[in-house]
Amino acid sequence: MSKRQSNYQASFEINRRGFPSTLRLGFIPLLDCAPLVVAQELGWFETVGLDVCLSRELGWGTIKEKIACKELEGAHALAGMAFSIKMGLSSSSANVSTGIIMSHNGNALTLHNRLWEEGVRDLDSLRDYAGVLSPRRLNFGVVAHSSTQLYLLNQWLKPAGTSSQIEINVFVVPPPQLLKNLKAGVLDGFCAGEPWNSLAILEQAGWCAATGDSICPG
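My aim in this report is to walk through the structure given alongside it, one point at a time. Small disclaimer: the values here were computed from a predicted structure and weren't measured. (Residues numbered from 1 in each chain as written. Predicted model: local features only at pLDDT ≥ 70, side-chain atom pairs only at ≥ 80, totals over all residues. Heavy atoms only, no water.)

Some words on the overall build of the protein
Piece 1. Each helix and strand counted, the protein has eleven helices and eight strands in total.
Piece 2. Counting over 218 residues, the protein shows a buried share of 38%.
Piece 3. Looking at the protein alone, contacts between residues at least 24 apart form 71% of all its contacts between residues at least 6 apart. (Helix = DSSP H or I, 4+ residues; strand = E, 2+ residues; numbered from the N terminus. Buried < 20%, exposed > 50% of the residue type's maximum accessible area, 1.4 Å probe, protein only. Contact = heavy atoms within 4.5 Å.)

Next up, the structure:
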């Protein structure tokens, strides 16, 4: 069997299992969607006999709902999303599976430049600022409740052996909206994947207080 025949045979096997002829794959504009974009642009999906349509989504909540309701056949997604969809947490329950990790140690914690100007340099100085100098509780953004980013934020705010935890407000914000809310002063900081941390620094809106691999390697 030739390579072309093998590719069409693979496509036929997929369609025979009940999948639509065009596979709809969702993504969020983050660097870890690059494998999907590169595969599409270089024709790798077509090479293996797949007709793929990439769908840019507003946020992880949209992807979660569309996967659960079968409006998408697949998506680049958060590590915890497969579990939350299977368990029906804040969405319809559905059987899902995953077989590939598309990013590793790519998150970071970004704080507003205003905090730097107020003398915040690390967790200890942030604790002092939040407890004495701040006129209000600080607002932080994460991309989803069932996310590595929320876990990293909590781990950074309360390291092992520290009894005094900083009390903050945590809001779920779609990744593309994090920088806008930081620049507007709505958020004092956020934990997210790239490129939003780097863009905050390049646009002089924030600074990187910690990277994901420094908080929880691997």
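Thoughts on unusual backbone geometry
Piece 1. Cis rather than trans, the peptide bond between Glu194 and Pro195 has omega equal to 15°.
Piece 2. Mapped onto the elements of the fold, Pro195 is located in the loop between strand 7 (189–193) and helix 10 (196–202).
Piece 3. If you check the backbone angles, Asn105 has positive phi at about 55° while not being a glycine.
Piece 4. You can see Asn105 is positioned in the loop between helix 5 (81–87) and strand 4 (107–112).
Piece 5. Phi angles above zero are rare outside glycine, and Gln204 is one such case at about 55°.
Piece 6. You can see Gln204 is positioned in the loop between helix 10 and strand 8 (206–211).

Some details on the state of the cysteines
Piece 1. The final tally for this structure, using the stated rule, is zero disulfides.
Piece 2. This cysteine, Cys191, is not joined by any disulfide, and Cys208 carries the nearest cysteine sulfur, 9.3 Å off. (Disulfide = S-S within 2.5 Å.)

By themselves, these figures tell us nothing about what the structure is for.
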